[in-house]
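# Coordinate inspection notes
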Amino acid sequence: MTSALSKKILVTGAAGFIGFHVAKRLLEEGHTVVGVDNLNSYYSVQLKKDRLKQLESFEFFQFYCLDVADHQAMEKMWQQEKPITHVVHLAAQAGVRYSLIDPYPYVHSNVTGFMVMLEQCRYQENFEHLVYASTSSVYGLNPSLPFKESDPVEHPISLYAATKRANELMAQSYYHLYRYPITGLRLFTVYGPWGRPDMSLFKFTKAILAGETIDVYNHGQMSRDYTYISDIVDGILAALWRPASVEPREHPLYNLGNDQKQSLMTFIEALEEALGRKANKNFLPLQPGDIVETSSDIQKAKVELGYCPKVDIHQGIAEFVEWYKTHTIYLK
Ligand SMILES: NC(=O)c1ccc[n+]([C@@H]2O[C@H](COP(=O)([O-])OP(=O)(O)OC[C@H]3O[C@@H](n4cnc5c(N)ncnc54)[C@H](O)[C@@H]3O)[C@@H](O)[C@H]2O)c1
């Protein structure tokens, strides 16, 4: 039995890296979760299914294999599952570099999919809160570091970033017109167990263990605000449960980062230490669409959400490596 305080929450992208961790935490806390994901093959479908298998072991989890851009299928799901009061919208085509190779899924999933979500939340009775994922990539060519929510975001340098900035603008228009609570979260390079195989930590680990060379872009002169998955889940849920107001002119946007940017070389050294092996490095120029440095100012999330990241890069990478060693099948 769920308690009187438990809620019914829709998590989209539930078979994805962050969606899986968010859904799992919510289920562990006694909530009912409706998960939606289209299980696309951008990366290992088996990894997505194995995440889902864990969620399906909880009694109060219901999964729908759906495309969030399919408004009729989504409408049917809402009808079957009502009342859903909260949404964590994470389904998206992620990845900066892939958006230069195949741009269409970015518009389909990130723009049309988000449109469907905004429109459908609008009609739910007693609806309480839509929280959606944006990204540090929206800061694009913004020259001042660390990135603050109030900084200019008019210069996205990849289509991925442009679709996520479009989400922020679309959300603002719905918030203005229909006055239901919406919160956007700009996530900074999330990593950890059950992570995404297209991200550098996964790729580097695989290559180092196989004795292969790793590609180090911009000759290693890059830095990121690497943020551990459990900290991100804390931040997402703090935002979700924050008593939502529709009074301010703009819907709230928060940076969720780690507040401690690390150079790419430090990141690689921490990984070498955790693996007990040195990497063979192939230094390459900057890739189109890549931001050289990301660094978050998380003061706003600290004050308003009580967000406080706890896991440093050495601990986080060690946790990832521990997990990876028993889950190497996903990068075949
Ligand atoms: N991981 C990061 O470092 C990071 C950083 C910034 C923002 N984000 C954002 O966080 C969210 C989650 O990212 P992630 O790292 O977990 O990525 P992920 O690819 O692991 O998860 C996204 C999930 O959404 C699903 N999906 C994609 N298109 C869909 C569609 N049209 N209909 C239904 N499901 C669909 C995918 O199958 C996948 O399981 C995304 O919105 C992403 O843009 C992630």
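Residues numbered from 1 in each chain as written. Predicted model: local features only at pLDDT ≥ 70, side-chain atom pairs only at ≥ 80, totals over all residues. Heavy atoms only, no water.

## What about empty space enclosed by the protein?
- Within this structure, the stated rule accounts for two cavities of 30 Å³ or more.
- The calculated volume of the largest cavity comes to roughly 50 Å³.
- Lining the largest cavity are His129, Pro181, Ile182, Thr183, Ala239, Arg242, Pro243, Ala244, Ser245 and Pro252.
- Counted by class, the lining of the largest cavity contains six nonpolar, three polar and one charged residues.
- Roughly 40 Å³ of internal volume is contained in the second largest cavity.
- As for the second largest cavity, its lining consists of His89, Leu90, Ala91, Ala92, Asn110, Phe114, Tyr132, Ala133, Lys164 and Asn167.
- Those elements that place two or more of their residues in the lining of the second largest cavity are helix H5 (104-122), strand E5 (129-135) and helix H6 (159-178). (1 Å grid on protein atoms, 1.4 Å probe; cavity = no way out; pocket = protein on both sides within 12 Å on 5 of 7 lines; lining within 4 Å. Points joined across faces, edges and corners; volume = space filled by probe spheres on them. Nonpolar A, V, L, I, M, F, W, Y, C, P; charged D, E, K, R; others polar. Helix = DSSP H or I, 4+ residues; strand = E, 2+ residues; numbered from the N terminus.)

## Remarks on the packing of helix H1 (residues 17-28) against helix H2 (residues 45-55)
- Where H1 contacts H2, the two axes come as close as 10 Å, and the packing angle between them is 5 degrees. With respect to their mutual orientation, H1 and H2 come out roughly parallel. Listed contacts from H2 to Phe17, Phe20, Ala23, Lys24 and Leu27 of H1 are Arg51, Gln54 and Leu55.
- A breakdown of the residues in the contact of H1 with H2 according to their chemical character gives five nonpolar, one polar and two charged. (Axes fitted to C-alpha atoms, helices over the stretch in contact; angles between N-to-C directions. Parallel < 35°, antiparallel > 145°, perpendicular 65-115°, else oblique. Contact = heavy atoms within 4.5 Å.)

## A short note on H1
- Along its twelve residues, H1 runs 17 Å from first to last C-alpha, staying within 8% of the 16 Å computed at 1.5 Å per residue.
- Within H1, nine of the twelve residues are buried, which leaves it mostly tucked inside the rest of the structure.
- Among all positions in H1, only Phe17, Ile18, Gly19, Phe20, His21, Val22, Ala23, Leu26 and Leu27 are buried.
- Gly30 sits one or two residues past H1 and shows a positive phi near 95 degrees. (Expected span 1.5 Å × (residues − 1). Buried < 20%, exposed > 50% of the residue type's maximum accessible area, 1.4 Å probe, protein only.)

## A word on the pairing of strand E1 (residues 8-12)
- E1 sits mainly inside the fold: four of its five residues count as buried.
- Pairing of E1 with strand E2 (residues 32-37), which is carried by five bridges, proceeds in the parallel orientation. Counterpart to Lys8 in the pairing with E2 is Thr32.
- Judged from the four bridges that link them, E1 and strand E4 (residues 86-89) form a sheet pairing that is parallel. Across the sheet, residue Ile9 finds its bridge partner in E4, namely His86. (Pairing = 2+ DSSP bridges.)

## Notes on the site of the ligand
- Within the structure, the ligand sits among 28 residues, and Asp37, Tyr43, Tyr160, Lys164 and Val190 are positioned closest to it.
- At a separation of 2.9 Å, an oxygen atom of the ligand approaches a polar backbone atom of Phe17.
- When isolated, the ligand has an accessible area of 820 Å², and the protein chains bury 98% of it.
- Of all the secondary-structure elements, those providing two or more residues to the shell around the ligand are H1, E5 and H6.
- Counting residues per element, the shell around the ligand draws most heavily on E5, which supplies three residues.
- For the shell around the ligand, the residue count by class is 15 nonpolar, eight polar and five charged. (Near = heavy atom within 4 Å. Polar contact = N/O pair within 3.5 Å; in protein donor to acceptor, adjacent residues only side chain to side chain. Areas by Shrake-Rupley, 256 points an atom, 1.4 Å probe, with all protein chains shown as cover.)

## Digging into the UniProt feature "domain: NAD-dependent epimerase/dehydratase" (unreviewed entry) in the chain
- The residues that UniProt annotates with the feature "domain: NAD-dependent epimerase/dehydratase" (unreviewed entry) are residues 9-257.
- Secondary structure across residues 9-257 comprises 40% helix and 18% strand; the distance between its end C-alpha atoms is 24 Å. (UniProt positions renumbered as here; feature names shortened; annotations may be inferred.)

## Considerations on the environment of Ala92
- Tracing the backbone through its elements, the reader meets Ala92 in the loop between E4 and helix H4 (98-101).
- Classification of Ala92 as partly exposed rests on a relative accessible area of 30%.
- The residues contacting Ala92, other than those within four sequence positions of it, are Ser109, Asn110 and Lys164.

## Concerning the pairing of E2
- Taking burial as the measure, the six residues of E2 include six buried ones, the bulk of the element.
- Burial of the side chains of E2 extends over both faces: Thr32, Val34 and Val36 are buried on one face and Val33, Gly35 and Asp37 on the other.
- Taken together, E1, H1 and E2 form a β-α-β motif whose crossover is right-handed.
- Judged from the five bridges that link them, E2 and strand E3 (residues 61-65) form a sheet pairing that is parallel. Of the residues in E3, the one forming a bridge with Asp37 is Cys65.
- Handedness of the crossover is the feature at issue here: the chain leaves E2, passes through H2, returns alongside E3, and the resulting connection is right-handed. (Right-handed = clockwise from strand over helix to strand, strands pointing away.)

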